[in-house]
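One letter stands for each residue in the lines below.
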Amino acid sequence: MTSNLDPDARSSYRLITLAARLIQRRQDDALAPLGLTRAAVIALEGLTGGPLNQEQLADAIRVQSQTLGRVLTRLETTGLITRTRRSSDRRQLKVELTDAGVAAVEAARQAEVNAYPDDPDIGWNVLREELTKFVRAVPLSRDTAVVPFAPPDHRAAHRPQAGRAAGMRGWEQPRQN
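Owing to the predicted nature of the structure, the values given are computational and were not obtained by experimental measurement.

**Some remarks on the overall build of the protein**
For step 1, the next point in the chain: Helices and strands together make up the secondary structure of the protein, namely 7 helices and 3 strands.
For step 2, the next point in the chain: Helices (α) and strands (β) of the protein occur, in sequence order from the N terminus, as α-α-β-α-α-β-β-α-α-α.
For step 3, the next point in the chain: The long-range fraction of contacts in the protein, counting pairs at least 24 apart against all pairs at least 6 apart in sequence, stands at 57%.
For step 4, the next point in the chain: Total accessible area on the protein is roughly 12,000 Å²; 53% of this is exposed by carbon and sulfur atoms.

This is the structure we're talking about:
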């Protein structure tokens, strides 16, 4: 099998994964004193716009509902969220931040900010814009017709549906279900 992988895309991909690992380690170290994990913070932040059911939250933060369930159980046990049955559909649980959860999100945000590099030469807006484009270009499924990191002219033929990155708070408006 021959690869049409753009050499610039390949080296950029490696830089993205290296940067992600470095930041994740720093985040882990910053969140540990708060008793939080990155997964917990992502779930908590997903609820800052208001209550959601578990499936909506999983979709918004791009994780499997089953995986999220374990995180939510820990967050509920520690009093950072509540889960209550919806009266309109008893099968669904409304997941909501508690006051302690709101405080935890704020503390986590500050801890994470302190963990990031403080370098005025980094173009944070440009980096965010480019990474947003990258995230939108990554397919949600393992569709074999999609060739990741193909040159732009080839990629345009396999462009995913608009709104795939919906729900990533801070980047664009979340989807309404």
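And the narrative resumes.
**Remarks on the nonpolar core**
For step 1, the next point in the chain: Membership of the largest hydrophobic core comes to 25 residues, with the highest contact counts inside it found for Leu36, Leu44, Leu75 and Ile81.
For step 2, the next point in the chain: Those elements giving two or more residues to this core turn out to be α1 (7-31), α2 (38-46), α3 (54-61), α4 (65-77), β3 (93-97) and α5 (99-115).
For step 3, the next point in the chain: Apart from residues lying up to four places away in sequence, Ile81 is in contact with Leu44, Leu47, Leu72, Leu75, Glu76, Val95, Glu96, Leu97 and Thr98.

**Overview of the sheet that holds strand β2 (residues 81-85)**
For step 1, the next point in the chain: Taken in spatial order, the 3 strands line up as β1-β3-β2 in an open sheet, and their pairing is antiparallel. For this open sheet the edge positions go to β1 (52-53) and β2, each flanked by a neighbour on one side alone.

**Brief notes about the pattern of salt bridges**
Two side chains of opposite charge can pair, provided their charged atoms sit close to one another.
For step 1, the next point in the chain: One pass over the structure, following the stated rule, counts 6 salt bridges.
For step 2, the next point in the chain: A salt bridge links Glu45 to Arg109; the nearest nitrogen and oxygen atoms lie 3.2 Å apart. In this pair, Glu45 sits in helix α2 while Arg109 sits in helix α5, placing the two residues 64 residues apart along the sequence.
For step 3, the next point in the chain: Take Glu45: its relative accessible area is 23%, and that puts it in the partly exposed class.
For step 4, the next point in the chain: Since its relative accessible area comes to 33%, Arg109 is described here as partly exposed.
For step 5, the next point in the chain: Glu96 is the salt-bridge partner of Lys94, the closest N and O atoms lying 3.5 Å from each other.
For step 6, the next point in the chain: Its relative accessible area of 28% is what places Glu96 among the partly exposed residues.

**Focus: the packing of α3 against α4**
Each pair of packed helices can be summarised by the angle the axes make with each other and by the distance between the axes.
For step 1, the next point in the chain: The geometry of α3 relative to α4 is characterised by a closest axis approach of 9 Å and an angle of 105° between their N-to-C directions. Overall, the two elements α3 and α4 adopt an arrangement that is roughly perpendicular. Contact residues: Gln54, Glu55, Leu57, Ala58 and Ile61 in α3; Ser65, Leu68, Gly69 and Leu72 in α4.
For step 2, the next point in the chain: Tallied by class, residues from the contact of α3 with α4 come to 5 nonpolar, 3 polar and 1 charged.

**Side note on a nonpolar patch on the surface**
For step 1, the next point in the chain: A cluster of nonpolar side chains, contributed by Val113, Tyr116, Trp124, Leu127 and Leu131, occupies part of the molecular surface with about 420 Å² of accessible area.
For step 2, the next point in the chain: When residues of the nonpolar patch are assigned to their parent elements, the largest contribution, 3 residues, is made by helix α6 (residues 124-137).
For step 3, the next point in the chain: A residue is classified by how much of its surface remains accessible, and Trp124, at 40% relative accessible area, is partly exposed.

**Some details on the confidence of the model for the protein**
A low pLDDT means the predicted coordinates there should not be read in detail.
For step 1, the next point in the chain: Per-residue confidence for the protein gives a mean pLDDT of 79, with 76% of residues at or over 70.
For step 2, the next point in the chain: Across the protein, element-level confidence peaks in α2 with a mean pLDDT of 95 and bottoms out in helix α7 (residues 152-156) with 41.
For step 3, the next point in the chain: Contacts of residues 143-177 to residues separated by more than four positions or lying in other chains number 54 contacts, the stretch itself having pLDDT below 50.

Thresholds applied
Each chain carries its own residue numbering, running from 1 in the written order of its sequence. Predicted model: local features are reported for residues with pLDDT of at least 70 only, side-chain atom pairs are reported and counted for 80 or more only, and whole-chain, interface and lining totals are derived from all residues. Side-chain measures here rest on the full set of heavy atoms in the structure, leaving out hydrogens and waters. Helix numbers and strand numbers start at the N terminus; a helix is a DSSP run of H or I with at least 4 residues, a strand a run of E with at least 2. Any pair of residues with heavy atoms lying within 4.5 Å of one another is described as a contacting pair. Only the protein chains shown count as cover for residues, and the accessible areas themselves come from Shrake-Rupley with a 1.4 Å probe. Side-chain atoms within 4.5 Å link the members of a nonpolar core, which is a set of buried Ala, Val, Leu, Ile, Met, Phe, Trp, Tyr and Cys residues. Throughout, exposure labels follow a simple rule: accessible area from a 1.4 Å probe, protein chains only, divided by the maximum for the residue type, with under 20% read as buried, over 50% as exposed, and the rest as partly exposed. Being paired, for any two strands, means DSSP has found at least two bridges between them. Any Lys or Arg side-chain nitrogen found within 4 Å of a carboxyl oxygen on Asp or Glu counts as a salt bridge. The axes are straight lines fitted to the C-alpha atoms, using for helices just the contacting stretch, and the angles between their N-to-C directions are given from 0 to 180°. Just so you know how the angles are binned, under 35 degrees is roughly parallel, over 145 roughly antiparallel, 65 to 115 roughly perpendicular, and the rest oblique. Residue type decides the class: Asp, Glu, Lys and Arg count as charged, Ala, Val, Leu, Ile, Met, Phe, Trp, Tyr, Cys and Pro as nonpolar, and the leftover types, Gly among them, as polar. Residues enter patches when they are more than 30% accessible in relative terms and free of salt bridges; like-charged ones are connected within 9 Å and nonpolar ones (Val, Leu, Ile, Met, Phe, Trp, Tyr) within 5 Å. A residue's pLDDT is the confidence the predictor assigns to it, expressed on a 0 to 100 scale.

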